[in-house]
Structures are given as structure tokens and as C-alpha cells.
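Structural description and commentary
So the chains spell out like this:
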Amino acid sequence: MVQYTLAQSPEIILTVSGKDSAKAREKAMDQLIELMDAGKLPTELEEGFGPQQLIEVKEPNIETASGEDAITQAVQILSNLATLKLKVQESRTEALEIRKAVDVLFSDQSVTEEEITRLKEGFKVLKNFAQANLRYQEARARAEQARQVLDQALKSSDK
């Protein structure tokens, strides 16, 4: 549902189903014309008044809903952090082994084609670990605020 009003008569609210669009504004104009024909519009509109001059009315967010949304979002952030932590832990050992093997590329030591192939295959694991670790670090920073939101919501009113 979308609501429109007029700058000349803000007390008039025209409600149309759907969201703000040219079609919704045309429907609101039809309602406006009906009001004018019925003599229920307290304002005279100038010739050339069009749908683009309707003003969309936005409802303010309800405080309790935004508080509940913040809690839901905080739980989602913490759940994401838990998933990322597991992913990082599962791939850490293998990634560190591959990282050690990378050093052979910078030495004068000869390597076999098999070692290079294994190393190239390991780069994917290394990349996935590094990306997951970065996401985990970023998520951890966001999760601090999420934890505070939950702590605030869980505080007892008995104190």
C-alpha cells in the first residue's frame, strides 16, 4: 500500500494498493477527481495538476519493531560469526602447511613437477582460508556491536 497527499491539503490521504509507481499515482489521481466531483476537496487545484505533484506519505518506523529487528539482526550476525569461525578452524592446518610449501618457490632447491602440481592445487585451499579468515575478522568486529545489542536486550528490568 502506498499513500499520497497534496501540498495544498495535507489532511487528504489517498491510499492505493501496490508501491509508488506511475500506475499507483494514476489511481490516486482517480480518487482525487472523485473527491473533487463530490465536493469533498477543501482546496481548488490549478489547471495542470498532475500525478507527479502528489506527495508520497512515508510511515515512520515503529520503535519496538526496530528494536526487534536489531535483535534479529544481531543474532544473524553472531550466527554468521560462528559459521565463519568453524570454516577458518577447519582449513587453518592445511592452509598453513601449504603456506610453508610456498617457501620452496623462493629457494634454490629443485622441485618436482608433482610438488608444483600439489602446490598449485593447494593455492585454492590457501585462498579460501585467507578469504574466510578476512571475513571472520570483519564479522568479529561487527559481532562486538551485535553482542552489545543482545546484552542490552537481555538486561533484567529487576535491577
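This write-up is about the structure you can find in this document. Nothing here was measured: the structure is a model prediction, and the numbers come from that model.

As paired elements, strand β1 (residues 2–5) and strand β2 (residues 14–16) share three bridges and run antiparallel to each other. Bridging from a neighbouring strand, Q3 pairs with T15 of β2. By the bridge criterion, three bridges tie β1 to strand β3 (residues 55–57) in an arrangement that is antiparallel. Bridge pairing links Q3 to V57 in β3.

Under the defined criterion, the tally for this structure stands at four salt bridges. Note that E144 is salt-bridged to R147, the shortest N-O span being 2.7 Å. Residue E144 and its partner R147 are both found in helix α3 (residues 113–154); the two are separated by three residues, about one turn of the helix. With a relative accessible area of 44%, R147 lands in the partly exposed category.

With that settled, consider the environment of K27. Note that K27 resides in helix α1 (residues 22–37). Using a relative accessible area of 38% as the deciding quantity, one classes K27 as partly exposed. Once the C-alpha coordinates of K27 and P51 are considered, the two residues, 24 residues apart in sequence, prove to be 9.0 Å apart. Sequence-distant contacts of K27, that is, excluding residues within four places in its chain, are made with V16 and S17.

Conventions and cut-offs
- Residues numbered from 1 in each chain as written.
- Predicted model: local features only at pLDDT ≥ 70, side-chain atom pairs only at ≥ 80, totals over all residues.
- Heavy atoms only, no water.
- Pairing = 2+ DSSP bridges.
- Helix = DSSP H or I, 4+ residues; strand = E, 2+ residues; numbered from the N terminus.
- Salt bridge = Lys/Arg side-chain N within 4 Å of Asp/Glu carboxyl O.
- Buried < 20%, exposed > 50% of the residue type's maximum accessible area, 1.4 Å probe, protein only.
- Contact = heavy atoms within 4.5 Å.

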